[in-house]
Amino acid sequence: MSFQIPRGTQDILPGEVEKWQIIEEKAKELCRNYNYHEIRTPIFEHTELFQRGVGDSTDIVQKEMYTFKDRGDRNLTLRPEGTASTVRAYVQNKLYGEAQQPTKLYYIGPMFRYERPQKGRNRQFVQFGIEALGSNDPAIDAEVIALAMQLYQELGLKHLKLVVNSLGDKESRQAHKDALVKHFTPVISELCGDCQNRIETNPLRILDCKKDRDHETMKTAPSILDYLNDESREFFENVKSYLEEMDVSYEVDPTLVRGLDYYNHTAFEIMSEAPGFGAITTLSGGGRYNGLVEDIGGPETPGIGFAMSLERFLLALEAEQVELPVQTVLDCYMITLGEKTKKQSISLLNELRKAGLQVDRDYLDKKMKAQFKAADRLNARYVLVLGEDELDKGVINIKDMASGVQVEVKIEEAKDYVLKQLEGGR
Ligand code: HAM
């Protein structure tokens, strides 16, 4: 019997994993520049956190959570996203009491959703996300959006579309909600079963329905932007003007509602417009969630953040044919011939590695020609050849693979020689 990985998951193998590392490194570098600090929370949490945090009426909570009982009969869920966990940790660890506010956090890690797998939709996927807690300044909304855009752009994506919307404050949303109920009630029997429930639980979600999206009432549905009160409208205007200040282009889409319950004011998504990208074009999404910290048991605290999956990032890079600068060179490959040379070569190998070089050798007792082939395959810059004759003379041959030049140096001088050569070439 052979085993296969579960549907919707993937193995990321050497050759591919280097691309992930480049994205992760770049994300971390930008977080340092913007002063966001890493937070690591558990992969599973109490189920209630997501019911409360993400929202009972969302697809995530209704249909997509991996929920199980542990041996102590606790209801636990593999995290479907990072915001609820981050806010839980923020409250539990009283980060709101720290002197430096807002609290600016980021995470990179696996999330789990029981969705129908397809290109760009996995059951386990890796999200990079940031959350800024404790500021109601629209400039931080713009900062969060700018960081996401900068990450995509610095790694080479060009065909991006940033879509922003405002969902307003509580008062504006209530007015919009009433208008939506009024609008959809006369035709509710023509909409899907989910939407018939949504009109009771969360009418905004109807606008996000995949089944009913072509129903004619969708196009004429009341727009949130017509229901924003003065304060909400001003907030949105400010976010847009700060984006303009940073030369971040955007489009306003009043139908953008997002699939999670906690949003208010700013909501945004970044899409790929690369030709042939596929059906799912959203690369990342986020928004403001004032009220969530209170819902999770903390003090009244505003918050804003976004998340993107690395899977979709890589698909977008592929669609735009961007090659990430994956480095697969080895500084040195050690070739040895004869049993007697082994000890000496191992001690030199160890010395070179301790000096910070990337070094490898043969462990399969291959012939010299095959060892040279391996050095080639590994893109070694220098090949160190130690045979029994050299050993007797206390020397080693060092070949520069780019120029083909070969020199003989004393074994005890080999490390310094290679270091000097590499320094010169860098
Ligand atoms: P979300 O829109 O549910 O928001 O997910 C954010 C991103 O995660 C998506 O745009 C996509 O890149 C990725 N993603 C989601 N589901 C999948 C999947 N099944 N397969 C591959 N990628 C996926 C959130 O999760 C919010 N927590 C974002 C946020 C942070 N809002 C405020 N702060």
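Residues numbered from 1 in each chain as written. Predicted model: local features only at pLDDT ≥ 70, side-chain atom pairs only at ≥ 80, totals over all residues. Heavy atoms only, no water.

## Some words on the site of the ligand
Logical step 1: Lining the immediate environment of the ligand, one finds 28 residues, of which E81, T83, E115, Y263 and L283 sit closest.
Logical step 2: Within the backbone of N122, a nitrogen or oxygen atom sits 2.9 Å from a nitrogen atom of the ligand.
Logical step 3: E131 is positioned such that a nitrogen or oxygen atom in its side chain is 2.8 Å from a nitrogen atom of the ligand.
Logical step 4: Across the complex, the protein chains shield 96% of the 660 Å² of accessible surface that the ligand would expose by itself.
Logical step 5: Considering each element in turn, the shell around the ligand owes the most residues, 6 residues, to strand β10 (residues 282-288).
Logical step 6: In the shell around the ligand, the residues fall into 10 nonpolar, 11 polar and 7 charged. (Near = heavy atom within 4 Å. Polar contact = N/O pair within 3.5 Å; in protein donor to acceptor, adjacent residues only side chain to side chain. Areas by Shrake-Rupley, 256 points an atom, 1.4 Å probe, with all protein chains shown as cover. Helix = DSSP H or I, 4+ residues; strand = E, 2+ residues; numbered from the N terminus. Nonpolar A, V, L, I, M, F, W, Y, C, P; charged D, E, K, R; others polar.)

## Focus: the side chain of T282
Logical step 1: Among the structural elements, T282 can be located in strand β10.
Logical step 2: Only 3.4 Å separates the side chain of T282 from the side chain of E269, close enough to count as a polar contact.
Logical step 3: Beyond its immediate stretch of four places on either side in the chain, T282 contacts E269, I270, M271 and R312. (Contact = heavy atoms within 4.5 Å.)

## Considerations on the domain arrangement of the chain
Logical step 1: According to the domain assignment, the chain consists of domain 1 (17-169 + 229-319) and domain 2 (330-425).
Logical step 2: Taking only C-alpha atoms into account, the centre of domain 1 sits 48 Å from that of domain 2. (Domains from an automatic or database assignment.)

## Some words on the sheet that holds strand β4 (residues 75-78)
Logical step 1: Read across the open sheet, the 3 strands follow the order β2-β4-β3; overall the sheet is antiparallel. Unpaired on one side and paired on the other, β2 (44-46) and β3 (66-69) mark the two borders of the sheet. Within the sheet, the average angular offset between the axes of one strand and its neighbour, ignoring direction, is 35°.
Logical step 2: Pairing geometry for β2 and β4, over 3 bridges, is antiparallel. (Pairing = 2+ DSSP bridges. Axes fitted to C-alpha atoms, helices over the stretch in contact; angles between N-to-C directions.)

## Topic: the pattern of salt bridges
Logical step 1: Counted under the stated rule, the structure contains 22 salt bridges.
Logical step 2: When the shortest N-O distance is used, the salt bridge between R198 and D59 registers 3.5 Å. Taken as a pair, R198 in helix α7 (residues 193-201) and D59 in helix α3 (residues 59-64) lie far apart in primary sequence, 139 residues in all.
Logical step 3: Given the relative accessible area of 8%, R198 is considered buried.
Logical step 4: Accessibility expressed as a relative area gives 23% for D59, which makes it partly exposed.
Logical step 5: We note a salt bridge from E251 to K161, for which the minimum N-O separation is 3.8 Å. With E251 in strand β8 (residues 251-252) and K161 in strand β7 (residues 160-166), this residue pair connects regions lying 90 residues apart in the sequence.
Logical step 6: Look at K161 and you get partly exposed, because its relative accessible area is 23%. (Salt bridge = Lys/Arg side-chain N within 4 Å of Asp/Glu carboxyl O. Buried < 20%, exposed > 50% of the residue type's maximum accessible area, 1.4 Å probe, protein only.)

## Overview of the packing of aromatic side chains
Logical step 1: This structure, assessed with the given rule, holds 9 aromatic pairs.
Logical step 2: With a centroid separation of 6.3 Å and an interplanar angle of 75°, the aromatic rings of F44 and F68 are classed as edge-to-face. Of this pair, F44 sits in strand β2 while F68 sits in strand β3, and the two are 24 residues apart along the sequence.
Logical step 3: On the basis of relative accessible area, F44 is assigned to the partly exposed category, the value being 44%.
Logical step 4: A residue is classified by how much of its surface remains accessible, and F68, at 33% relative accessible area, is partly exposed.
Logical step 5: Ring geometry for Y106 versus F128: centroids 6.2 Å apart, planes at 65°, classification edge-to-face. (Phe/Tyr/Trp six-rings, centres within 6.5 Å; stacked < 30°, edge-to-face > 60°.)

## Brief notes about a positive patch on the surface
Logical step 1: Residues K366, K369, K373 and R377 make up a contiguous surface patch of positive charge.
Logical step 2: Tracing the sequence through the fold places K373 in helix α13 (residues 368-377).
Logical step 3: The class of K373 is exposed, set by a relative accessible area of 58%. (Patch = residues over 30% accessible without salt bridge, like charges linked within 9 Å, V, L, I, M, F, W, Y side chains within 5 Å. Lys, Arg positive; Asp, Glu negative; His and termini not counted. Charge placed at Lys NZ, Arg CZ, Asp CG, Glu CD.)

## Regarding the pairing of β10
Logical step 1: Counting buried positions along β10 gives 7 out of 7 residues, so the element sits mostly inside the fold.
Logical step 2: Here β10 runs beside strand β11 (residues 303-309); their pairing, made up of 5 bridges, is antiparallel. Within β11, the residue paired with S284 across the bridge is M308.

## Re the environment of V359
Logical step 1: Of note, V359 is situated in strand β13 (residues 359-361).
Logical step 2: Residue classification places V359 among the buried positions, given a relative accessible area of 7%.
Logical step 3: Each C-alpha atom of the pair V359 and V61 lies 49 Å from the other, and the pair is 298 residues apart in sequence.
Logical step 4: Beyond its immediate sequence surroundings of up to four residues, V359 is in contact with L330, C332, L349, L352 and R353.

## Things to note about helix α4 (residues 83-92)
Logical step 1: Counting buried positions along α4 yields 9 of 10 residues, so the element is predominantly enclosed.
Logical step 2: Among all positions of α4, only T83, A84, S85, T86, V87, R88, A89, Y90 and V91 are buried.
Logical step 3: Of the surrounding elements, those touching the buried residues of α4 are β2, α2 (47-53), β5 (103-112), β6 (124-133) and α10 (292-295).
Logical step 4: Once α4 ends, the next one or two residues include K94, with phi positive near 50°.

## Structural notes on the environment of Q92
Logical step 1: Position of Q92 among the secondary structure elements: in helix α4.
Logical step 2: A residue is classified by how much of its surface remains accessible, and Q92, at 55% relative accessible area, is exposed.
Logical step 3: For the pair Q92 and Q327, spaced 235 residues apart in sequence, the C-alpha separation works out to 41 Å.

## As for the pairing of β5
Logical step 1: With 8 of 10 residues buried, β5 is to be regarded as a mostly interior element.
Logical step 2: When strand β1 (residues 37-38) meets β5, the two strands line up parallel, connected through 2 bridges. Its bridge partner lying in β5, H37 is registered against L105.

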